[in-house]
Amino acid sequence: MTSPRTSRIPYPKDDDGARRLVYGADYNPEQWPREVWAEDIRLMRQAGVNLVSLAIFSWARLQPTEDTWDFGWLDEVMDLLHAGGIGVDLATATASPPPWLTAAHPEILPVTATGETLWPGARQHWRPTSPVFREHALRLVREMATRYADHPALVAWHVNNELGCHNVYDYSDDAAHAFRGWLRRRYTTLDALNHAWGTSFWSQRYSDWDQILPPRLAASHPNPTQQLDFKRFSSDALKDHLLAEREVLTEITPNTPVTSNFMVMSGIKGMNYADWAGAVDFVSNDHYTVLGPQNRDELSFCANLTSGIAGHRPWFLMEHSTNAVNWQPVNLPKKPGDLGRDSLLHVAHGADAVCFFQWRQSAAGAEKYHSAMVPHAGEDSELFRDVVALGHTLDVLAPLAGSEREPARVAILFDWDSWWASEQDSHPTSLLDYHREALDWYSALMRLGIRADVVPAQTTDLNPYDLVIAPVLHVVAQPLAKELTRYVEGGGHLVTTYFSAIVDENDHVWLGGYPGALRELLGIRIEEFGPLLDGDTVDLDNDTAGSLWTDRISVDATDVETLVHYRTGTYASRPAVTRRATGRGTAAYVSTRLGVDGLAALLPRLLAPSGVASDLPEAARGTVEHVVRRDSDSRYLFFVNRGDAPAPLPGLSGEVLIGPSAGDGFTLPPGGTAVLRQPNPQEPLPPADRSA
Ligand code: GAL
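Cut-offs and rules
Residues numbered from 1 in each chain as written. Predicted model: local features only at pLDDT ≥ 70, side-chain atom pairs only at ≥ 80, totals over all residues. Heavy atoms only, no water. Helix = DSSP H or I, 4+ residues; strand = E, 2+ residues; numbered from the N terminus. Buried < 20%, exposed > 50% of the residue type's maximum accessible area, 1.4 Å probe, protein only. Contact = heavy atoms within 4.5 Å. Areas by Shrake-Rupley, 256 points an atom, 1.4 Å probe, with all protein chains shown as cover. Near = heavy atom within 4 Å. Polar contact = N/O pair within 3.5 Å; in protein donor to acceptor, adjacent residues only side chain to side chain. Disulfide = S-S within 2.5 Å. Core = buried A, V, L, I, M, F, W, Y, C linked by side-chain atoms within 4.5 Å. Pairing = 2+ DSSP bridges. Axes fitted to C-alpha atoms, helices over the stretch in contact; angles between N-to-C directions. Phe/Tyr/Trp six-rings, centres within 6.5 Å; stacked < 30°, edge-to-face > 60°. Lys NZ or Arg CZ within 6 Å of the ring centre and 35° of its normal. Patch = residues over 30% accessible without salt bridge, like charges linked within 9 Å, V, L, I, M, F, W, Y side chains within 5 Å. Salt bridge = Lys/Arg side-chain N within 4 Å of Asp/Glu carboxyl O. Parallel < 35°, antiparallel > 145°, perpendicular 65-115°, else oblique. Nonpolar A, V, L, I, M, F, W, Y, C, P; charged D, E, K, R; others polar. Domains from an automatic or database assignment. Buried area = accessible area lost by both parts, 1.4 Å probe. Expected span 1.5 Å × (residues − 1).

A.B. asks: I'm lost on the overall build of the chain in this one. Help?
C.D. replies: For the chain, the count of helices and strands is 17 helices and 27 strands. Dimensions along the principal axes, computed over C-alpha positions, put the chain at roughly 75 × 75 × 45 Å. Evaluated residue by residue, the chain yields a buried proportion of 60% over its 692 residues. Considering only intrachain contacts with a sequence separation of at least 6, the fraction spanning at least 24 residues in the chain is 73%. Total accessible area on the chain is roughly 26200 Å²; 50% of this is exposed by carbon and sulfur atoms.

What follows is the structure, given as structure tokens:
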């Protein structure tokens, strides 16, 4: 199970039966008196809302005690929504267990690495591996599915909510028991586990499965492979919960698609979504922008990666915010225009749904200062007018519903195993930030106006790409090493960086000199790492500077070209960036952290052998983001001006769906978005032949 077989997004239809884009929000009517519900439907219709996610946090209302059910209010809301022409993505309501359940069964509460219980009082206080929780949750799912199976408002199921948002790592006895089961399935024998975990070190050898524990607070660094396996197990345990709920739903409503909202956004690291994609009928994502200089790029990067996880089929933006959130140290409002532009960037990257948390801003509770589609100020507000305007824009863009994101020529590989393993403790540096490394490459490519796909390393066919960038691809097992070698020999161009290809799937170092798994392909050998202190830099002879990391590189093969040398630092005059021409392709290595500026300066040389160039005019590069979607008839060209100055886009023709009219090109104002439709001249290209 890797990427979804097909995207079963429940598209709303217009009067002629044509697909529309989805527009909507989480809807929490139980927070409001009944009188407000009719008003909600009126405003939803005014805004063009055609779908809501319902009952996400309703368990305590739906099942007030273990033996009583109260579905009356939900029946009424479902009926009202249906009468209003609004579809329902109905939650299974299992996200937050009710007080009666935790009072009767405190053994479902998660436990931290230091042995503290996470008590009820907030939400998601359940152990992914608790059999007691599972039993109660599935009972609720069965009730929901049976009751609403034939309700005409039901268009999709929403399993739980953001699985793992607050409870990804649980160190309880239930977790210990399930972890042992997971390890038995992975290793079969204790000998294999002892080997994989390297337990000859520090007298850790296990003689019985029952001795094994999650990596609870220990006296010093816990075993690294135990830590890595616990991360893999924890992601799998949550996926297992998703599959268990799904099984009940598909038994009762086989024709209703099932989804669950992922969190591909910075700061969320625990769930290997590339591996989860096959568990849903369409991929959904929640994304919130966080403060920071690269936050525009980060939005694009995450939307792009979500598309990669979805196999470039359309996906569903299940949540983002109309304005400020409530969970950052300071919650800044969005700037004028951000709401529409951010939403359209997700659409550009393949989102066929634009939904928000939440419909009506709460008056009470922890999220009362979190924005919504209807703010505290009510319908007579700038924000609600923006919401209505966005609904109109999405109506205009209806023709692109169902189109796929057109693959770029460059791919950036993203890998959860490498993310988890490279940032573990007791490493050469604790300053490495895997997500930031990948994002920097993305930002640098954007600056040069080059489109790139961000794709999962394990599940993506590399053949269609002319250039593959693998930043900090730390874990490289033999099959991946072979695949990368085959790709290069067959004519592909690979760029990788420091701390890549260092360990195998067991977190064991490939011996004989780094980067062991790709040493031959790259034609280099590294004897020692040279991490740098925070703030320290080394100069390079292309007039840029490196930080964080350096390597002591010797060049092994005669066909290796040194593109850049260190000018200062411990490894002064040694190679800093190398490239080997091998087979029909090339393999390049970047040994220090260059940051966005340094990467943008280096990239033209790295791109040269692949022939990849920007398809944007010079003046628009770095400010305009360009993404393409296509179906069999049309290509949809998105241009988003993210800068402060007007961006000229000469020589463009096509039907303007939104944006300034295009005679022979146009100028895009700051913050502006244009979408052009052109005929698709050809069927999607077959993958390039890279069979070596
Ligand atoms: C998400 C969650 C929503 C809401 C939102 C606030 O993590 O699914 O229920 O809490 O964040 O930003």
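A.B. asks: Looking at this structure, how should I read the site of the ligand?
C.D. replies: Close to the ligand lie F57, R123, N161, E162, D286, Y288, E319, W327, F357, E367 and H370. R123 is positioned such that a nitrogen or oxygen atom in its side chain is 3.0 Å from an oxygen atom of the ligand. In the environment of the ligand, an oxygen atom lies 2.3 Å from a nitrogen or oxygen atom belonging to the side chain of E367. Surface burial for the ligand is 95%, taken as the share of its 310 Å² of free accessible area covered by protein chains.

A.B. asks: Please clarify how the state of the cysteines should be interpreted in this entry.
C.D. replies: A covalent bond between the sulfur atoms of two cysteines is referred to as a disulfide. Per the counting criterion, the structure on display carries 0 disulfides. Unpaired in this structure, C165 has its nearest cysteine sulfur neighbour in C302, at a distance of 15 Å.

A.B. asks: Looking at this model, I keep getting lost on the nonpolar core. Mind explaining?
C.D. replies: A general feature of soluble globular proteins is that nonpolar side chains tend to end up buried together. Ranked by size, the top nonpolar core spans 184 residues in total, and within it L74, L81, L90, M144, W359 and L606 carry the most contacts. Discounting chain neighbours no more than four positions away, the residues touching W359 are A25, D26, Y27, D40, L43, M44, V49, A372, M373, V374 and F384. L190, L193, I212 and A237 belong to the second largest nonpolar core, which has 15 residues in total.

A.B. asks: Teacher, can you tell me more about the pairing of strand β24 (residues 647-650) here?
C.D. replies: Within a regular beta strand, the side chains point alternately toward one face of the sheet and then the other, so they alternate between its two faces. Of the two faces of β24, the one holding A647 and L649 is buried and the one holding P648 and P650 is not buried anywhere. In the sheet, β24 pairs with strand β26 (residues 665-668) via 4 bridges, with the strands oriented antiparallel. Bridging across to β26, L649 finds its partner in F666.

A.B. asks: Quick question: what am I supposed to make of unusual backbone geometry here?
C.D. replies: Most peptide bonds take the trans configuration, and most residues that are not glycine carry a negative phi. With an omega of -10°, the peptide bond between F357 and Q358 qualifies as cis. Relative to the helices and strands, Q358 resides in the loop between β9 (351-356) and α12 (382-396). Cis geometry marks the peptide bond from Y514 to P515; its omega dihedral reads -15°. Residue placement: P515 occurs in the loop between β14 (493-497) and α16 (519-522).

A.B. asks: Looking at this model, I keep getting lost on the sheet that holds strand β20 (residues 575-582). Mind explaining?
C.D. replies: By way of backbone hydrogen bonds, the strands of a sheet pair with one another, either parallel or antiparallel. Strands sit in the order β12-β11-β13-β14-β21-β20-β19 across an open sheet of 7 strands; the sheet is mixed. What marks the edges here is a single partner per strand, and that holds for β12 (452-456) and β19 (560-565). Shown here is a sheet whose adjacent strand axes are inclined to one another by a mean of 20°, direction ignored. Direction of pairing for β20 relative to strand β21 (residues 585-590): antiparallel, over a ladder of 6 bridges. The residue bridging R579 from the neighbouring strand is A588, located in β21. Strands β11 (410-414), β12, β13 (467-470), β14 and β21 of the sheet are contacted by helix α14 (residues 434-447), whose axis makes an angle of about 170° with β11.

A.B. asks: I keep staring at the packing of aromatic side chains and nothing clicks. Help me out?
C.D. replies: For any pair of aromatic rings, geometry is given as the distance between the ring centres together with the angle between the planes. Enumeration over the complete set of coordinates arrives at 35 aromatic pairs. Ring plane angle 80° and centroid distance 5.3 Å describe the contact between F179 and F230, whose orientation is recorded as edge-to-face. Residue F179 is found in helix α6 (residues 173-187), and its partner F230 is found in helix α8 (residues 224-252); the two are separated by 51 residues along the sequence. Pair check on accessibility: F179 and F230 agree, each one buried. Through a chain of ring-to-ring contacts, three or more aromatic side chains come together here, namely F262, Y273, W276, F301, F414, W416, W419, Y434 and Y442. The positively charged end of R61 is found above the aromatic ring belonging to W73, 5.1 Å away from the centroid. Sitting over the face of the ring of W32, R360 holds its NZ or CZ atom 5.6 Å from the ring centroid.

A.B. asks: So what exactly am I meant to see when it comes to a nonpolar patch on the surface here?
C.D. replies: Judged by side-chain polarity, L291, V330 and L332 come together as a nonpolar surface patch covering roughly 290 Å² of accessible area. Mapped onto the elements of the fold, L291 is located in the loop between β7 (284-286) and α10 (295-309).

A.B. asks: Could you clarify how one ought to interpret the packing of α10 against helix α11 (residues 338-348) in this entry?
C.D. replies: Helix packing geometry: the angle between the two helix axes and the distance between the axes. Packing of α10 against α11 brings their axes to within 9 Å, and their N-to-C directions diverge by 30°. Comparing their axes, α11 and α10 come out roughly parallel. Here α10 contributes R296, L299 and A303 to the contact with α11, which in turn contributes D338, R341, D342, L345 and H346. Taken together, the residues of the contact of α10 with α11 sort by class into 3 nonpolar, 1 polar and 4 charged.

A.B. asks: I would appreciate a short explanation of the domain arrangement of the chain in the present structure.
C.D. replies: Interfaces are often described in size by the accessible area the parts lose on coming together. Here the chain is described as being made up of domain 1 (22-246 + 318-400), domain 2 (410-610) and domain 3 (621-679). Spacing between the C-alpha centres of domain 1 and domain 2 amounts to 36 Å. Listed by partner, the interface residues are 16 residues for domain 1 and 11 residues for domain 2. Between domain 1 and domain 2, roughly 1100 Å² of surface is buried when both sides are summed, and carbon and sulfur atoms account for 48% of that area. Along the contact surface separating domain 1 from domain 2 lie 1 salt bridge. R232 is the partner of D417 in a salt bridge, and the nearest nitrogen-oxygen pair spans 2.9 Å. The interface formed by domain 1 and domain 2 contains 10 residue pairs in polar contact (both at pLDDT 80 or more). For the side of domain 1 that touches domain 2, the secondary structure elements donating two or more residues are α6, α7 (190-196) and α8. Looking at the side of domain 1 that touches domain 2 element by element, the count peaks at 7 residues for α8. Of the residues contributing to the side of domain 1 that touches domain 2, the split by class is 6 nonpolar, 7 polar and 3 charged.

A.B. asks: I keep staring at the packing of α10 against α14 and nothing clicks. Help me out?
C.D. replies: Remark: α10 packs on α14, axes separated minimally by 10 Å, with the N-to-C direction vectors making an angle of 105°. The angle between α10 and α14 places the two elements in the roughly perpendicular class. Residues D297, E298, S300, F301 and N304 of α10 form the contact with α14, whose participating residues are H435, A438, L439, Y442, S443 and M446.

A.B. asks: When you look at α14 in this model, what are you seeing that I'm missing?
C.D. replies: An α-helix turns once every 3.6 residues. As a result, residues three or four positions apart point the same way. Between its terminal C-alpha atoms α14 stretches 20 Å, which fits the 20 Å expected from 14 residues at 1.5 Å a residue. The buried fraction of α14 amounts to 12 of the 14 residues, a majority that puts the element mostly inside the structure. Every buried residue belonging to α14 is among Y434, H435, E437, A438, L439, D440, W441, Y442, S443, A444, L445 and M446, and all of these are buried. The distance from a side-chain oxygen at the start of α14 to the backbone nitrogen of H435 is 3.3 Å, and the residue carrying that oxygen is D433. Two residues or fewer past α14, G449 is found with a positive phi of approximately 75°.

A.B. asks: I keep staring at the pattern of salt bridges and nothing clicks. Help me out?
C.D. replies: Any two side chains of opposite charge can pair, given that their charged atoms come close. Within the structure shown, the criterion is met by 45 salt bridges. Close ionic contact of D297 with R642 constitutes a salt bridge, the shortest N to O distance being 2.5 Å. With a gap of 345 residues between them, D297 in helix α10 and R642 in the loop between β23 (634-641) and β24 connect regions that are remote in the sequence. The exposure class of D297 is buried, given its relative accessible area of 10%. For D352, the salt bridge identified is with R629, shortest N-O distance 2.6 Å.

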